[in-house]
Amino acid sequence: MDFNVKKLASDAGVFFSRAMQFTEEKLGQAEKTELDAHFENLLARADCTKNWTEKILRQTEVLLQPNPSARVEEFLYEKLDRKVPSRVTNGELLAQYMTEAANDFGPGTPYGKTLIKVGETQRRLGAAERDFIHSASINFLTPLRNFLEGDWRTISKERRILQNRRLDLDACKARLKKAKAAEAKAAAEHELRLTQTEFDRQAEVTRLLLEGISSTHVNHLRCLHEFVESQTNYYAQCYQYMLDLQKQLGSSKGEIFSGTFVGNAESTSPPPAAASPPAVAATLPAVPTIPVVPTIVGVPNSVAESVLNPNEVKPPASGTRKARVLYDYEAADSTELALLADEMITVYSLPGMDPDWLIGERGNQKGKVPVTYLELLS
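From a predicted model like this one, the values you see are computed outputs, not experimental measurements.

(A) Expanded view of the overall build of the chain. When its secondary structure is counted, the chain shows ten helices and five strands. Residues counted as buried form 32% of the 378 residues belonging to the chain. Taking the contacts inside the chain whose residues are at least 6 apart along the sequence as the reference set, 70% of them involve residues at least 24 apart. Total accessible area on the chain is roughly 23700 Å²; 58% of this is exposed by carbon and sulfur atoms.

The structure is reproduced here in structure tokens:
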């Protein structure tokens, strides 16, 4: 019991001495042992690494999981050392809804078929997102988190010890200056040598840990490359999935979009003969329309298209329109015109053409283009 009381009194005395030294330094009434410039640079570099690692870690977590409630739940599971439950991604959930809707509307209908195709693509996108999140968490987030929870905690602990050793050293220097008697000076000098040795030893330990920040940067650089590679693969998969879906929808001739296009064509057809010509002219805007001529009766579409060479035809005197390209399109053969998204082209229809296709012109280039890739303008 006596030993514990003595130790408690000794610890209290050390704490009081450090507090007095720290306060006097802040008030400018005591000298402070300064660390060398290289050591200060190491400290600043370590603090900078810690601060930016925290910010990058938090924002990457937001990127991978935008839902804050889900992030809190995952954090609690990690602290409790329990496995985080598997979640359905937004793409997979959308795919489920689209598939169920297609079953209700009829999987054989044009709308139902399209819902199934888009839903399958969304499911593949969701699976790709899940793989990317898993890869990024292991290869990027985990090393950053290990640094903050491991190496940085060790550095912080040793820095606190170094700060205490410096306060003890400066307090001993102050006592040595105040000592008058020879015995007091001798005791102060002996204590100063001990505290100086402890301070130097702790400074060397802390310096080695701070110099290890360079290795941390090398490790984080490697992890960053792996993160970029995972993200690149993820976006490449998404692009390929969407490109495949776009081609599927664009190649569905006469099944999905033909009804809509024919309906638009009928709406632009001339009014019935019974209508009064002056009244019709007064109510309808003077907008040029594209004449849509049905396929020649008794002649297959393939034959009509083989006879039709877009490069040899001339645009009609009237009925041309401007169109904006919605998506990139790669020409399948020399009779088709390749398209780039957001470009403007001139389009018109010719007798014997499939109603899902038009003739497009861009400067001296001419060829067939799919209607579903265009936004027809007035």
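(B) Quick look at unusual backbone geometry. The backbone of D342 shows a phi angle near 75°, a positive value even though the residue is not glycine. Topologically, D342 is positioned in the loop between β1 (321-325) and β2 (344-348). By relative accessible area, D342 is classed as exposed at 55%.

(C) The arrangement of the sheet that holds β1 in detail. Taken together, five strands build an open sheet; the order of strands is β4-β3-β2-β1-β5 and the sheet is antiparallel. The sheet terminates laterally at β4 (365-370) and β5 (374-376), the two strands that pair on one side only. Here the strands of the sheet are splayed against their neighbours by 40° on average, with no regard to which way each runs. Of the strand pairs in this sheet, strand β3 (residues 357-362) and β4 are connected by six bridges, and their pairing is antiparallel. In the sheet register, L358 faces β4, and the bridge partner there is V369.

(D) Spatial organisation of the pattern of salt bridges. According to the stated counting rule, one finds 16 salt bridges in the structure shown. Close ionic contact of R222 with E226 constitutes a salt bridge, the shortest N to O distance being 3.2 Å. Of this pair, R222 and E226 both sit in helix α7 (residues 213-250), four residues apart, roughly one helical turn. On the basis of relative accessibility, which here comes to 26%, the residue E226 falls in the partly exposed class. Connected through shared salt-bridge partners, D36, E204 and R207 make up one network.

How each quantity is defined
- Residues numbered from 1 in each chain as written.
- Predicted model: local features only at pLDDT ≥ 70, side-chain atom pairs only at ≥ 80, totals over all residues.
- Heavy atoms only, no water.
- Helix = DSSP H or I, 4+ residues; strand = E, 2+ residues; numbered from the N terminus.
- Buried < 20%, exposed > 50% of the residue type's maximum accessible area, 1.4 Å probe, protein only.
- Contact = heavy atoms within 4.5 Å.
- Areas by Shrake-Rupley, 256 points an atom, 1.4 Å probe, with all protein chains shown as cover.
- Pairing = 2+ DSSP bridges.
- Axes fitted to C-alpha atoms, helices over the stretch in contact; angles between N-to-C directions.
- Salt bridge = Lys/Arg side-chain N within 4 Å of Asp/Glu carboxyl O.

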